[in-house]
Every structure is written in C-alpha cells, then in structure tokens.
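# Descriptive analysis of the structure
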Amino acid sequence: MSSPQITVVITTRLRPERLPYLQQMHASLTRQTVPWKAVLVLDGAAPGRVPGTIAADPRVRILALPRQVGAACARNLGLNLVTTEFVNWADDDDAFHDWSLGVRLEAFTERLGWVAGYSEDWLPDGSTRLWECPVPPGFHDAGDVVTYWPRPEDTIPIGPTTILARTRLVRAAGGMGGLVQGEDYMAAVGTTALAPGVLLPLPVYKYRRHEGQMTRGARYDELELAARRHAHAFGHALRDVFVTARAE
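Right, let's walk through the structure included here.

Conventions and cut-offs
- Residues numbered from 1 in each chain as written.
- Predicted model: local features only at pLDDT ≥ 70, side-chain atom pairs only at ≥ 80, totals over all residues.
- Heavy atoms only, no water.
- Helix = DSSP H or I, 4+ residues; strand = E, 2+ residues; numbered from the N terminus.
- Rg over C-alpha atoms; globule rule 2.2 N^0.38 Å.
- Buried < 20%, exposed > 50% of the residue type's maximum accessible area, 1.4 Å probe, protein only.
- Contact = heavy atoms within 4.5 Å.
- Phe/Tyr/Trp six-rings, centres within 6.5 Å; stacked < 30°, edge-to-face > 60°.
- Lys NZ or Arg CZ within 6 Å of the ring centre and 35° of its normal.
- Pairing = 2+ DSSP bridges.
- Core = buried A, V, L, I, M, F, W, Y, C linked by side-chain atoms within 4.5 Å.
- Axes fitted to C-alpha atoms, helices over the stretch in contact; angles between N-to-C directions.
- Parallel < 35°, antiparallel > 145°, perpendicular 65-115°, else oblique.
- Nonpolar A, V, L, I, M, F, W, Y, C, P; charged D, E, K, R; others polar.
- Salt bridge = Lys/Arg side-chain N within 4 Å of Asp/Glu carboxyl O.

## Brief notes about the overall build of the chain
Of the regular secondary structure elements, the chain holds 7 helices and 10 strands. Compactness check: the chain gives a C-alpha radius of gyration of 17 Å against a globular reference of 18 Å for 248 residues, within 12% of the reference. Expressed along its principal axes, the backbone C-alpha trace of the chain runs to roughly 55 × 45 × 35 Å. In the chain, which comprises 248 residues, the proportion classed as buried is 53%. Of all intrachain contacts in the chain linking residues separated by at least 6 positions in sequence, the fraction that spans at least 24 positions is 78%.

Here's what the structure looks like:
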C-alpha cells in the first residue's frame, strides 16, 4: 500500500509547554507500519509556531483557524479536509503505539465501520498503565457499545481516540458534536451507534497524564456532568432508533 488510507486529525493551540508533546505525537506517526496523512488544526494559533519537523512533513496538512473555536469545532473543521477512507482523532499531547494504525486497518472487513483498541495512561515518570474500557473485546453490532455506559457519570464505554473508523461513518455521526468539553464522548457513541465494529484487546494509544491537560482545568467539573448527560442521551437515543427500526 503506497497510497495512504488513513488521516489522523489533531487539534492544537501550540502552547509552548505542549510543543514537545506535539513533536512526540508526530514522531509516533512516523513509526507507523502503514502510510498515513494528518490534518493539524491550529485553534487560533499562528502557523509560524508549528515545529519545523512537522511543518516540513508533506504528509501533514496545516489548517490555521483565524480564532479559537474550541476542540469540537476545530476537529470538525479539520474533518472537512479528510479525503481518505479512514480517520482517527488524536490529541496533541498523546502518542500512538507503533503498530496502532496498521493492526487496526488490517482487522477491517467490508462489514465493519470501525476498529478500536485499548488505551494506556502515560504517566509522568514514563511508565504506562493499561486502561481496559468497559466494552469487552470482540465484535459489537451497531449501537451495542453505548449499552456499556449505563449512567452518564459512569466510565465512558470506549476510548474515542482509539477508534479508527470509516470517514463517511464519522461524518454521518456528526463528527465531534459541539460540546465545549466531552465532545469526544459524542464521537465515540455516535460512530459506534451507526455501524458494527471490533474492539481489539491490545493497546493502540498512549494518553498522557500531566498537569497541563486541557481537559483538567480549574473549571472542568462545572460542566462535565452536563456534557456527559448530553452525550449519554445522544448515544442511547441513536441506539433506540435503530433497535426500533430493526424490530419493525
């Protein structure tokens, strides 16, 4: 395969303390076993601040937004530029395992809309801790994933950035929704609600735990439960629509 089938969409504000992390994310992409493209969405940041190794990579397309619009909107606008069959969301402070894209792409069949894996918490000392999501490994029919999220306050059913999905499916699910936080919950339950998929029992994504995590700001808790309730209701409503349609 010489032509990339996968695009990775990454959003960043190019904060100085996060630039080394962004470079590590890019380095993890360069170690993948299959060809790829990337869309780097600058959420109100100046293109001149993109690290040189990334700016010079012809596989990376940079989309500079004129002002900050937030993660959900920025990612959705990045999705506009995706032309490959498959897409994967990623954060600027995380990294992929070397086998991540290849092993999931190889697992696809014509029937599947998505293939996911586990994520690992990447701790400040460099060690990792496996996070096994509530969804058991194996095949899951459309809408089944959200049944492993019984209440909004429970652990989310699957790692959103561990999902490699068909681009048309992600678009049909509304991308990242429009929440100011918890937008990735919308992506996870929306994508898995519309098509069957497979969860592989191996880690494919490293989620960096650090003090500068943008999802852990001082006011994070103010809207977190409300965001979870919205994404939870969205996922379960989608499932109910399809269950009812199949029964008729």
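Next comes the rest of the write-up.
## Overview of the packing of aromatic side chains
Inspection of the entire model under this criterion finds 3 aromatic pairs. When the centroid spacing of 5.3 Å and the interplanar angle of 80 degrees are considered together, the rings of Phe96 and Tyr205 count as edge-to-face. A residue pair is termed long-range when its members are at least 10 positions apart, and Phe96 in strand β5 (residues 95-96) and Tyr205 in strand β10 (residues 197-208) qualify at 109 residues. The exposure class of Phe96 is buried, given its relative accessible area of 2%. Seen from their ring centres, Trp149 and Tyr185 are 6.1 Å apart, and the 70 degrees between their planes marks the pair as edge-to-face. With Trp149 in the loop between β8 (138-140) and β9 (164-166) and Tyr185 in helix α6 (residues 183-194), the pair connects residues that are 36 residues apart, well separated along the chain. Residue Tyr185 is classed as buried on the basis of its relative accessible area, which comes to 9%. The aromatic ring of Trp122 is capped on one face by Lys206, whose charged end is 4.1 Å from the ring centroid. Positioned over the ring face of Trp122 is Arg208, at 4.1 Å from the centre of the ring.

## Some thoughts on the pairing of strand β4 (residues 86-91)
Extensive coverage of β4 is indicated by the burial of 6 of its 6 residues. Burial along β4 is two-sided: the residues Phe86, Asn88 and Ala90 and Val87, Trp89 and Asp91 are all buried. Where strand β1 (residues 6-12) meets β4, 6 bridges bridge the pair, whose relative direction is parallel. In the strand pairing of β4, Thr11 is matched with Asp91. Where β4 meets β9, 2 bridges bridge the pair, whose relative direction is antiparallel. Within β9, the position partnered with Val87 by the bridge is Ala165.

## Focus on the nonpolar core
One recurring pattern in soluble globular proteins is that nonpolar side chains are buried together. Core analysis: the largest hydrophobic core is formed by 30 residues, its most contacted members being Ile6, Val8, Ile10, Leu29, Leu40, Phe96 and Leu101. Counting residues per element, the ones that place at least two in this core are β1, α1 (19-30), β2 (37-42), β4, α4 (100-107) and β10. Contacts of Leu40, omitting those with residues within four sequence positions, involve Ile10, Thr12, Leu22, Val50, Ile54, Val60, Arg61, Ile62 and Leu63. Within the second largest apolar cluster, 27 residues are counted, among which are Leu65, Ala116, Val135 and Ala165.

## Focus on the packing of α6 against helix α7 (residues 220-247)
Contact geometry for α6 and α7: axes closest at 9 Å, N-to-C directions at 5 degrees. Overall, the two elements α6 and α7 adopt an arrangement that is roughly parallel. Residues Tyr185, Met186, Val189, Gly190, Ala193 and Leu194 of α6 lie in contact with α7, whose contacting residues are Tyr220, Glu224, Arg228, His230, Ala231, Phe234, Gly235, Leu238 and Phe242. Across the contact of α6 with α7, the residue classes break down as 10 nonpolar, 3 polar and 2 charged.

## Regarding the pattern of salt bridges
Tallied over the full model, the rule gives 15 salt bridges. The salt bridge partner of Arg209 is Asp121, with a shortest N-O separation of 3.3 Å. With Arg209 in the loop between β10 and α7 and Asp121 in strand β6 (residues 114-122), this residue pair connects regions lying 88 residues apart in the sequence. With a relative accessible area of 28%, Arg209 lands in the partly exposed category. Exposure remark for Asp121: the relative accessible area of 7% places this residue in the buried category. Among the charged side chains, a salt-bridge network with shared partners connects Arg18, Asp92 and Asp93.

## Description of unusual backbone geometry
Residue Leu14 is not a glycine yet carries a positive backbone phi of 55 degrees. Tracing the backbone shows Leu14 in the loop between β1 and α1. A residue is classified by how much of its surface remains accessible, and Leu14, at 0% relative accessible area, is buried.

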